[in-house]
Amino acid sequence: MATHREVGVGDFVLLDKIDLENFMKNLELRFKNGKIYTYIGEVCVSVNPYKTMNIYDQKHVDQYKGRELFENPPHIFAIADASHKVMQQQGKDTCIVISGESGAGKTEASKIIMKYIAAVTNKDGQKEIERVKNVLLQSNSILEAFGNAKTNRNDNSSRFGKYMDIHFDFKGDPIGGHINKYLLEKSRVIYQQAGERNFHSFYQLLTAASDEHLRKLHLSRNPDDYFFVKQGKAARVDTINDKNDFREVNSSLNTLQFSKDAQDTLWRVVAAILHLGNVEFVNDGEKLQIKNKKSIDVIAELLQVKKEELSSALCERVIAARGDIMRKEHTEAEACYGRDALAKAVYERLFGWLVDKINAAIAVDEKNYSKNYKSSLIGVLDIYGFEIFDNNSFEQFCINYCNEKLQQLFIELVLKQEQEEYNREGIEWQNIDFFNNQIICDLVEAPHKGILSIMDDASKMTAEKVTDELLLETMDKQLKTHHHYTSRQLKPADKNMKHKVDFRITHYAGDVTYCVVGFLDKNKDTLFQDFKRLMYNSRDENLKEMFPEGSQHISEITKRPPTAGTLFKNSMQALVQNLYSKEPHYVRCIKPNELKSPSAFDEERVKHQVSYLGLVENVRVRRAGFAYRQRYDRFLKRYKMISQFTWPNFRSGSDKDGVKVIMDERKFADDVKYGKTKIFIRSPRTLFALEAARNELIPGIVTLIQKTWRGYVARQQYKRMRALMTMIQAYRLKKMRTYINALQGKFVHARKAKDFGKGIIWPAPPVSLQKTTRVLKQFYNRWRAFMILSRIPRAEWPEMKLKVVAASALLNKRPRYGLSRRWEGNYLATHGENNNYTTFNDAVNNLKNSQHFGKVLFSAFVTKFNKFNKCAERVVLVTDQAVYKLDSLKFRNMKEGTGIKDLTGISVSPGQDQLIVFHCLGGNDLVVSLHSVRQEDRIGEIVGVLCNAYFQLKGTDLPVTVNKTISCSLGGKKRLININVTSEVQSATFKKDGGNISYLLPSNFAVIENGRDYIKQ
Ligand SMILES: Nc1ncnc2c1ncn2[C@@H]1O[C@H](COP(=O)(O)OP(=O)(O)OP(=O)(O)O)[C@@H](O)[C@H]1O
Ligand SMILES: [Mg+2]
């Protein structure tokens, strides 16, 4: 609970002693210290400050937004927020009833409420909601211009009642609204008391319209030129800025999207009424004449009617009697009455049309909100306040009756029902007396006996016979015993009432003397049919729309329309009924003085208001009664955390028992009473203490809830992850299984296939099996190799290996390389190839001993070509380590051997020749041509032997070049070896050919393959 410095007490319920005197003292103290709001429980008492208060800005909006009433100093914002909260949280329709006498600040309060609601809603910044809020706010300036006027009570007095429903969506944002208007005081159009003005709109037009606009409307700028606005002699008022207001009205009309035509109609009608007020009649003895005919032309132009029709409607009536249609000329008085009735009717209809147009602009778009808009709305009632003038007429009678009805509503809901609730709940209760104004309401509205009913009966009689005086007589007769009614006839000694003219009602708010003159006419509210037809026939579509009954034909017999009094009574009863159905919030406005002064506190005036508003009784009921009540279940839910016996759940009895446990433990038992379904707490202090205790515990509970919640969330997340893992695993397994099954299906017959399934296309593996698939493919390749090799005897595997190595170097490069014969390797070790094989073997052994190689892999006789372009017969011996050149007789090593791992590559030709070049480091390659007795192709064999040995030693492949022209390096010189077949040689040999080398093959050159000669072409 926020702490704030209070002046006096912020809630009258907290006064030590409750009586009028203390109430007044607190109210005055607070007013003088600028505290204009004070509560009685949830009722907000507001005293008009008559000065701009700095308490409605954004800072204050933020302070009150979403807070409880007792958390902040009393403010009307808190009431608006409470109303909005109930509406939003409980989905209940609520209403804010603002009451108080004229000038007490009702209209201002209603505007403050609307602005607050606008400020706290639409967090999402939705465009349509922004528009609705704008229209709701801006409609005020239009309605005030046409419906408010300066009276002797209030410079901006509402002369109509306004009840506005604001519809909210489920988020609590306003989505539309509807305005109900109640009885506009239209007599003001034609008549104003001294010091009063007509409706603001007339003065705004005359003061602020452009010269050109006024010229178009044939108006002068001076209000004194127009009878209808000059009677009160108060055209200019310090507190009213007509120019600014006019500008605001026009801007609002634009915001509300009034068309150019509609705005044009609006101001033409206002101008026409001004002109109408200046129309006078004379009777020249023969005929009724209009004195100033020019104004008829102007009015006809402005109302867009035919001027002849306007003249005749003003001067005569068309009557249909027994099938005949006759014209009846008016008397001068009748003509004046008709003129005034027309002015009033046109203005009233214009006002109604304006309200309709505003309603159209803020109507809830049922397309968007068809389901939920009805259940949540806030109604704001701002109606004309109770008023007493020097001369009180039918309008004051209606206005004051309206205030009686609202007071009755307040009594019913706040004073009566409250006490009835105590009885219902079985709470011991000392009844508190209050004045119930039902008796005054009955005096006005009771069927048959009430004043309205008596008036209606009188109005039904033919006009000539019944006069206001006769009405007064009837009322005197029927109401003479009523305590709240009197007249001069009934009280001859009371000189304050005029004989046969006045009657007096003792209202809840004071005595009001009404002058009966005009009551009957105003009640009947007759507008001659001629005018209705005239207006219906206007070329202006808007005006035509305002007078739909003008379409009726003269001879059509129409039912007498309900009287103004009855219409008003019905509308009031409907209003009250409507308010009953909502959860009400009250703002009770008080006027501190008659001077409109921000400092004066007129004790008598205020005391009077406090008394008739029943505020002290209100406090008594509230205090003697209970500041707070709540259903047991709800109470327990809210406060269960403050006792260990009820937290987290109370299990040892009913909700009521649980509530008792809390209150006993906290030692509040003396301050509460237990009803049948509710607990009643007497003092707000107890409630505050409960709230404080709750607030103290809330952070701990919040932490606990957060902890529990976070734990829960984490557990959920963990579970979700586990489930996810299981799912992923199952999915992977499934994918794997599917893949493996697919592989199995594909390879099931691979063993029987000729190529052992080499051609089978592997299905694409799932991501998780890509690595495995690579291994599987290796397995498969090994298996296939094994299957192929298993057909070959194991002893042949080394040779097979060499052949495979040779093939991988020569395949598709050299068509034949001796693949089909046996590769023996060390050919010179046996006599088949070498007669001196023993010498050879001895020499090799010697070499082996000195060079420490493992074994001989290949040997052959060769013709060598050297850097000196010399050929020589030699032996090439390939061991597992090196390549040696031996002489061909003694087989001695000619030079250091060349390490196999030091070879940079070998080159062979694509043909059948036996040329091979060993590329060595240092630019001296070994260029040889192999011989064999059997004329076999041994190139493949030596390539296989070298490549295999090289791979064994270095782990990489020996580069093998296969080319028709072989490039080599001899003595550091690059040379090309061209292969030529010639008859000039008997066996393969080399010859210098310029810078290059020619490798010459005999013309019968052939190698033997598969035992057959194969002759190179
Ligand atoms: N909260 C306020 N702050 C400042 N001025 C205020 C406030 N309330 C009322 N007033 C002043 O009092 C004047 C009269 O108030 P308002 O028009 O609201 O009275 P009302 O109760 O609606 O009267 P009526 O019944 O005649 O319409 C306002 O024009 C304004 O000058
Ligand atoms: Mg008002």
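The structure presented is a predicted model; accordingly, all values stated were derived computationally and were not measured.

Remarks on the sheet that holds strand β28 (residues 966–970)
- Overall, mixed pairing links the 4 strands, which are arranged β28-β29-β31-β30 in an open sheet. Here the strands that pair on one side only, and so sit at the sheet edges, are β28 and β30 (989–993). Strand after strand, the sheet turns through a mean of 35° between neighbouring axes, direction not considered.
- Pairing of strand β29 (residues 973–982) with strand β31 (residues 996–1002), which is carried by 6 bridges, proceeds in the parallel orientation. Residue pairing across strands places N978 opposite S998, the latter belonging to β31.

Let's talk about the site of ligand 1
- The environment of ligand 1 is formed by 20 residues, the closest being N48, S102, K106, S157 and S158.
- Take N48: an N or O atom from its side chain is 2.7 Å from an oxygen atom of ligand 1.
- One of the side-chain N or O atoms of T107 is found 2.7 Å from an oxygen atom in ligand 1.
- Protein contacts shield 86% of the accessible area of ligand 1, which totals 630 Å² for the unbound molecule.
- Those elements that provide at least two residues to the shell around ligand 1 are α4 (106–120) and β5 (157–158).
- Ranked by the residues each element gives to the shell around ligand 1, the list is headed by α4, at 4 residues.
- Partitioned by chemical class, the residues of the shell around ligand 1 number 6 nonpolar, 10 polar and 4 charged.

Here's the deal with the environment of T982
- Among the secondary structure elements, T982 is positioned in strand β29.
- The exposure class assigned to T982 is buried, which follows from its relative accessible area of 15%.
- When residues no more than four places from it in sequence are discounted, the contact partners of T982 are L1000, L1001, P1002 and S1003.
- A distance of 3.0 Å separates a polar side-chain atom of T982 from the backbone nitrogen of E984.

Side note on the coordination of the magnesium ion (ligand 2)
- T107 (OG1) and S158 (OG) make up the full set of protein donors to the magnesium ion (ligand 2), lying at 1.9 to 2.1 Å. Remark: S158 occurs in strand β5 and T107 occurs in helix α4; sequence separation between them is 51 residues. In terms of burial, T107 and S158 fall into one category: buried.

Describing the UniProt feature "domain: TH1" (unreviewed entry) in the protein chain
- The feature "domain: TH1" (unreviewed entry), as annotated in UniProt, sits at residues 812–1003 in this numbering.
- With 16% helix and 37% strand, residues 812–1003 has its two end C-alpha atoms placed 26 Å apart.

Observations concerning the UniProt feature "binding site: ATP" (unreviewed entry) in the protein chain
- Mapped onto this numbering, the UniProt entry annotates "binding site: ATP" (unreviewed entry) at G100, E101, S102, G103, A104, G105, K106 and T107. Restricting the annotated residues just mentioned to those that line the second largest cavity leaves T107.
- Relative to the assigned elements, A104 resides in the loop between β3 (94–99) and α4.
- Residue A104 is classed as buried on the basis of its relative accessible area of 0%.
- Dropping the residues within four chain positions of it, A104 is found in contact with N48, C589, I590 and K591.
- Position of G105 among the secondary structure elements: in the loop between β3 and α4.

Basis of the calculations
- Residues numbered from 1 in each chain as written.
- Chains lettered and ligands numbered in written order.
- Predicted model: local features only at pLDDT ≥ 70, side-chain atom pairs only at ≥ 80, totals over all residues.
- Heavy atoms only, no water.
- Pairing = 2+ DSSP bridges.
- Helix = DSSP H or I, 4+ residues; strand = E, 2+ residues; numbered from the N terminus.
- Axes fitted to C-alpha atoms, helices over the stretch in contact; angles between N-to-C directions.
- Near = heavy atom within 4 Å.
- Polar contact = N/O pair within 3.5 Å; in protein donor to acceptor, adjacent residues only side chain to side chain.
- Areas by Shrake-Rupley, 256 points an atom, 1.4 Å probe, with all protein chains shown as cover.
- Nonpolar A, V, L, I, M, F, W, Y, C, P; charged D, E, K, R; others polar.
- Buried < 20%, exposed > 50% of the residue type's maximum accessible area, 1.4 Å probe, protein only.
- Contact = heavy atoms within 4.5 Å.
- Donors = N, O, S within 2.8 Å, 3.2 Å for Na, K, Ca; no water.
- UniProt positions renumbered as here; feature names shortened; annotations may be inferred.
- 1 Å grid on protein atoms, 1.4 Å probe; cavity = no way out; pocket = protein on both sides within 12 Å on 5 of 7 lines; lining within 4 Å.

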